[in-house]
Structure formats: C-alpha cells, structure tokens
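Read off the chains here:
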Amino acid sequence: MLDLLKPSFLEFQEFFYLAGRALKNLFRKPHYWDDVLLQMDVIGVGSLPIVSLIGAFSGIVMALQMSRAVAQYGASSQTGTFVAIVLVRELGPVLTALLVAGRNASGIASEIGSMKVTEQIDAMRALGTDPTQKLVTPRMLALAVVLPLLTIIADFVGLCGGFLIGKFRLNISAAQYWNSAQQALVWNDVAQGLLKPFLFSFVISLVGCFYGMRTTGGTQGVGRSTTEAVVVSSVWVFILDVFITQIFVNM
Amino acid sequence: MPDPSATHDSVVVFEDVSLHFGETVALDQVSFRIDRGQTWVFLGEAGSGKTQLCKVMMGLVRPDSGRVTIFGEEITSKGERDMFAIRSKIGMLFQESALFDSMTIEENVAYPLENQPVRHCGREQIHDRVVEALRFVELEKTLDKVPSELSGGMRRRVGIARATVTAPPLAIYDSPTAGLDPITANNIMAFIAKQRDLKGTTSIIVSHRYQDGVLMANYYYDEAQGRLVAATGDRLAAVDTTFVVMRDGRIVFLGPQTELEASTDPYVSKFGRR
Ligand SMILES: Nc1ncnc2c1ncn2[C@@H]1O[C@H](COP(=O)(O)OP(=O)(O)O)[C@@H](O)[C@H]1O
Ligand SMILES: [Mg+2]
C-alpha cells in the first residue's frame, strides 16, 4: 500500500509528459468526437444512478446530523444553509469524484491496460493512429465535461434529500428550506463547487490512462494497474481538494 | 555487414541494432539487409528477440543504438508523427492478432484505410476493399461479428486481412502459427504465401516452426489451381528465401535453407529439422 504511494520522480515525469501530450492534442487534428461522445455516455450516463443515490444519502445524513447540532442553538430553520454549504463546497465534489474514480479510473485503466498487454496499442500506432489522441484525449475531455455535471446533480439530489428530512422530521417549510439554502450560497461557493470537479476530472482520467498505458505483464498486470489507478487517483483527489479549499478560504 | 550504399532495392536495412530492457538484452548488434521481393524467415526460441525485431522494423520501438532504414528512409531518428507515412507501407500481423476487441471485424479491417494519413481509397470504396481483403482469407461472412466470437485461427486470418488491406509492399507476420493446431497453421501459411505470390509482397515471417519456413521457401500459390504447389526449377529460384536463426537477441545463423539444414551447431540445427 505504501509502495503504491511512494512517488518516484520518473513516474511523475512520465505522467506529466502524457498529460502534456493529451492537452496538446486538443489543438491538433484528427479529433475523435465519436469517442468523446461514447465516453461521455459510458462515464456520465453510466455513473448517474450511483451518483444520485449517494448524493441523496449524503444530503439526508447531513441534514440528520446537522439537525441535532443546530437544534442546540435553536437554529433548526437554518438546516438548509448548512446542508447547502457543506454539500456544494465539499461533499458533492469530493464524493462524486471518489465514486467516479472508483468506477471509471479503474474502468479506464483496465480497458487501456488490456489493450496494452494484447498489443492493441501497438496495433493502433501501426495502423496510423496516435493512442494518446485516440484514447487519452477523448477520455480526458469527456470527464472534464461530465464530472462537473454529475457534481451538480449530486448537489441537487443531496439538497432534496436534506429537504425531506427538514420537512418530515424538523417541520421546516419548503419555502424556508430552499430560501435558506439559496441565500447561503454565494459566488465563491459555486465557483469552488464547480472548479473542484473540473480539476478532479483531469486527475481521474489521466491517472487512469497513465496506469493503463504503462501496464505490462499480462492479465495480472491489468489487475495491478486497475488497483493503482483507483488508489492513486483517490489520494490525489484529496490532496488537490486541500489545495483548492485553502485557496478559496484565503480569498 | 550490409553495405549501406546498396539501398537501391533494399526494403529493410538493420545496421548494428541493439535494444535493451534494463539488464535484458532483446537485440544485440543485429545487422541484415532485405531486398524487394524476398522472403525472410526468422526462427528462434521464445524470448530470442523476434517480436522486438518486428517492432523495431515497424518503428514501434526505438533501438538503443544502430541504424534502421526502411524503404531508403532512416527511421531511428524520426518522431512518432513522421513514422505514420512509413508505417502505412508495412502491414503487420501481431503475435496474438491484436484485433481491436471493441470493434466489429469490418471496423477492424477498415481501420488502416480510415486512419492512415495516406489516402488508400475514397470513403465509398472502403467497404468494398474490406470485403475483398476478407474474401482473400475466406472470411467475408464474418463482417458483423466481433473478435471474441472467432476462433484463434480465424482471428489470425482477420489479422492478415487487416495487415494487407492497404496492399503494403512489405508485410511482417509475427508468429502467425503460434498456438494453432498443425492443420490450421498450414492453412494460415497458405494465405501468407498467397499474399506474397499474388501481390508480390516482400514477406517477413517470424516463427518457431521450421515447417513454416520450408513452406515459404518451397511452395508457391498457383492461381489457376487455387492452392499451394511445390516449386521446381525456375520457380524455386524465384522464391528467394533467406533463413535467420536468433538466440538471446543475436543472429546466430543467416543463409539459405540448404546451409541451415547442413549446420552442425546444436542450437541452429534444432531449427533446421522438419
Ligand atoms: N516490455 C518489455 N520489458 C522488458 N523486457 C522485455 C519487454 N519486451 C520484451 N522483453 C524481453 O526481450 C526479450 C525478447 O523478447 P521477444 O522479442 O518478445 O521474444 P520472442 O518474440 O522471440 O519470443 C525477452 O528476453 C523478453 O523478456
Ligand atoms: Mg514473440
């Protein structure tokens, strides 16, 4: 486990080389839009049920927890405020990113990894395509679009979950809940709530592709890459989260 | 030592090519020259460097030292993007076929036509070319299948179709018969010989089976009869076949069949027996 996290300089260098190439390809032909759409479907539509479910539960649990804490100060009516702030700033982006990392960093790494060990990546190069352009860039683009959208959905479903608790357990009216939620959110929260998933998306897609592309050693190697992709992308989501939060807190 | 100035008709020239993976030596000072229309058979046990040799030839792996010249162009210093034009002149069958398993057979075979920067034919003709290439390997009925639905031998045939759909002047077949039963293996070799003899493709065959080399060296595809027939006299001379035996990345034998069969070296003669 610790071995997996031990960052080696060479690995970093290779990772940023891949990231640089994937970004550069955005401005170079050919563009594989079909693959972008396919990946948006696989990652975005595919993750929708689980992301909504977890979003709803986190809203519910948070409202329950908050209700006790705030009740001590007689501020039950402010439940919407707390749920909105915590969800939009922090829990929505991070939970969604972790779910998508578990679901899709692994999926990307295993798909590309099995292509690597069966020489399909070499075949792509032999037959006239750049695998970075054909495989990495579409996944990166698709995730950059889809992860913020998924986060918005998780936030919204979470707020709805919080509302159910507010209404049926705390007797807060709909108007009161949604008003306090709306007023709680300022530009800063929304910006950080969208910037986070946007940046996380690059970590997830590129780490998944990176470990896929460097897979060696047959089927076993694919398993190893998959695990590494999930662990490393999850850890980096948290590290990045700390940095971004730090910046916004100071603003 | 091949003479670098004699690149007139040479298709592939290796000059002191070496390749290492850490401590492992994959290729060690490999030199040879392949001319147009020739057939070369590379033999050697597993791990002797045959696959890496093919990949260096295709420009997929950059050697640590030495020069590789393909169709008169030095490729060892070329960037990835400049390689695509050269690669489009080479068809390659990968060891395990390496078909794209997310695509249908038709999409697989159409891939080089659609993706290589060199335009082989118009959009409208792609389908016809694909069917023609699949008919060549007698698989035109599998267009809509996916690779996992095919047997190992059929996948190899699709791999041959994909490698040759662009009618490349040079074809590399990496272990086309590995893991196949003898009948299927001979079947595959017949398609390779057919491609060579009907299309005039310079052919490189990598194998651990000496029979594959013998077949390439002594038979030719007769169009009238629609099958392989034993070559005799002038025909035999025309089938210009060279054998290479590799061991631990080094060439330990290079010459015609008669010399290979006469070799007394225990390792080399292992590959010179039917
Ligand atoms: N990606 C790689 N990493 C490390 N060693 C490799 C790699 N690919 C091949 N090798 C080594 O290079 C040598 C030649 O391999 P290869 O060309 O695949 O042999 P062959 O095709 O003749 O069986 C072997 O010793 C193999 O272990
Ligand atoms: Mg091999």
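As shown above, the structure is provided for reference.
Quick notes on the rules
- Residues numbered from 1 in each chain as written.
- Chains lettered and ligands numbered in written order.
- Predicted model: local features only at pLDDT ≥ 70, side-chain atom pairs only at ≥ 80, totals over all residues.
- Heavy atoms only, no water.
- Helix = DSSP H or I, 4+ residues; strand = E, 2+ residues; numbered from the N terminus.
- Buried < 20%, exposed > 50% of the residue type's maximum accessible area, 1.4 Å probe, protein only.
- Contact = heavy atoms within 4.5 Å.
- Areas by Shrake-Rupley, 256 points an atom, 1.4 Å probe, with all protein chains shown as cover.
- Buried area = accessible area lost by both parts, 1.4 Å probe.
- Salt bridge = Lys/Arg side-chain N within 4 Å of Asp/Glu carboxyl O.
- Nonpolar A, V, L, I, M, F, W, Y, C, P; charged D, E, K, R; others polar.
- Core = buried A, V, L, I, M, F, W, Y, C linked by side-chain atoms within 4.5 Å.
- 1 Å grid on protein atoms, 1.4 Å probe; cavity = no way out; pocket = protein on both sides within 12 Å on 5 of 7 lines; lining within 4 Å.
- Points joined across faces, edges and corners; volume = space filled by probe spheres on them.

Chemist: Would you mind going over the overall build of chain A in detail, with residue names and values included?
Modeler: Assigned secondary structure in chain A consists of nine helices and zero strands. In sequence order, chain A lays out its α and β elements as α-α-α-α-α-α-α-α-α. Overall, chain A is about 70 × 40 × 35 Å in size when its C-alpha atoms are taken along their principal axes. Here chain A, with 251 residues, has 48% of them falling under the buried criterion. Taking contacts inside chain A between residues at least 6 apart in sequence as the whole, the part at least 24 apart equals 86%. For chain A, the exposed surface amounts to about 12000 Å²; the carbon and sulfur share of it is 69%.

Chemist: Can you tell me about the interface of chain A and chain B, naming the residues and giving the values?
Modeler: Of the residues lining the interface, 19 residues belong to chain A; the matching set on chain B comes to 22 residues. Summed over both partners, the interface of chain A with chain B comes to about 1700 Å²; 52% of that surface belongs to carbon and sulfur atoms. The largest share of the area that chain A buries against chain B comes from Glu119(A), Arg125(A) and Leu127(A), three residues that together contribute 38% of it. At the junction of chain A and chain B, the tally comes to four salt bridges. Put simply, Arg81(B) and Asp130(A) hold a salt bridge, and the shortest N to O gap is 3.6 Å. At six residues, the largest contribution of residues to the side of chain A that touches chain B is made by helix H5 (residues 120-126) of chain A. Residue composition of the side of chain A that touches chain B, grouped by class: six nonpolar, six polar and seven charged.

Chemist: An account of the nonpolar core is needed here, citing residue identities and associated values.
Modeler: Judged by nonpolar contacts, the single largest core of 79 residues is most densely connected at Val12(B), Phe14(B) and Phe32(B). Counting 35 residues, the second largest nonpolar core, distinct from the first, contains Val130(B), Leu134(B), Ala161(B) and Leu180(B).

Chemist: Just give me the short version of helix H3 (residues 105-115) of chain B, but keep the residues and values in it.
Modeler: Of all eleven residues in H3(B), eight are buried, a share of seventy percent or more. Of the surrounding secondary structure, the elements contacted by the buried residues of H3(B) are H5 and helix H6 (131-168) of chain A together with helix H4 (123-136) and helix H5 (152-164) of chain B.

Chemist: Describe the layout of surface pockets, and please don't skip the residues or the numbers.
Modeler: Taken as a whole, the largest pocket spans an internal volume of roughly 1400 Å³. What lines the largest pocket is a set of 40 residues, and nearest its centre among them are Lys116(A), Asp122(A), Arg125(A), Met213(A) and Leu60(B). Of all the secondary structure elements, the ones that give two or more residues to the lining of the largest pocket are helix H2 (9-24), helix H4 (79-117), H5, H6 and helix H8 (187-213) of chain A together with helix H1 (50-57) and helix H2 (80-87) of chain B. The element that contributes the greatest number of residues to the lining of the largest pocket is H2(A), accounting for four residues. In terms of residue class, the lining of the largest pocket is built from 14 nonpolar, eleven polar and 15 charged.

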